[in-house]
Amino acid sequence: MEVKALNTYALALKKRPEDPLLHQLIGELYFSMNRFDEALIHIEKAQELLPSSYEVYTQFAYIDSRSNRVEESLPYFSKAIELSTYYIQAQIDYASSLAHLGRFDEAEAVCLQ
């Protein structure tokens with residue numbers, strides 16, 4: 001199924017190489033396959049094309065978190081929250097990452113926002 005999806009996305013990318021949402025979807029698919037380097041290529045392209053997307057910053061954070069770079073994920077979560085203050089999942093994941101690092105007071109402050 002993943003191979004079929006990648007093939008379909010490859011065809012779509014030939015038609016719409018500058019579509020930020022398509023790059024984001026491809027990045028998310030690679031992320032789900034734990035192919036983080038390939039995911040980053042597409043997430044970076046999505047960010048270049050759509051720099052105000054909170055979803056792109058969240059995806060950067062998830063890649064860092066899953067790659068055991070929790071500290072590096074924090075600025076991305078923070079930027080996602082800045083771009084969309086109503087994006088509750090980013091706040092929850094940001095607080096969780098802070099708690100994982102033992103930064104409980106900061107995690108609590110995020111939860112109280």
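Before any of the text, the structure's been laid out above.
Residues numbered from 1 in each chain as written. Predicted model: local features only at pLDDT ≥ 70, side-chain atom pairs only at ≥ 80, totals over all residues. Heavy atoms only, no water.

A. Molecular detail of the overall build of the protein chain. Counting secondary structure elements, the protein chain contains seven helices and zero strands. Going from N to C terminus, the protein chain has its helices and strands arranged as α-α-α-α-α-α-α. Projected onto its principal axes, the C-alpha coordinates of the protein chain cover approximately 50 × 25 × 20 Å. Here the protein chain holds 113 residues, and the buried ones make up 37% of them. The long-range fraction of contacts in the protein chain, counting pairs at least 24 apart against all pairs at least 6 apart in sequence, stands at 41%. As presented, the protein chain carries roughly 6,900 Å² of accessible surface, and 55% of it is formed by carbon and sulfur atoms. (Helix = DSSP H or I, 4+ residues; strand = E, 2+ residues; numbered from the N terminus. Buried < 20%, exposed > 50% of the residue type's maximum accessible area, 1.4 Å probe, protein only. Contact = heavy atoms within 4.5 Å. Areas by Shrake-Rupley, 256 points an atom, 1.4 Å probe, with all protein chains shown as cover.)

B. Here's a closer look at helix α2 (residues 20-32). Given a rise of 1.5 Å per residue, 13 residues ought to cover 18 Å, and the 18 Å separating the end C-alpha atoms of α2 matches this to within 8%. Of the positions making up α2, those classed as buried are Pro20, Leu22, His23, Gln24, Ile26, Gly27, Leu29, Tyr30 and Phe31. Contact partners of the buried residues in α2: α1 (2-15), α3 (36-49) and α4 (54-66). The opening residue of α2, the one whose side-chain oxygen lies 2.9 Å from the backbone nitrogen of Leu21, is Asp19. At the C-terminal side of α2, Asn34 shows a positive phi close to 60°. (Expected span 1.5 Å × (residues − 1). Polar contact = N/O pair within 3.5 Å; in protein donor to acceptor, adjacent residues only side chain to side chain.)

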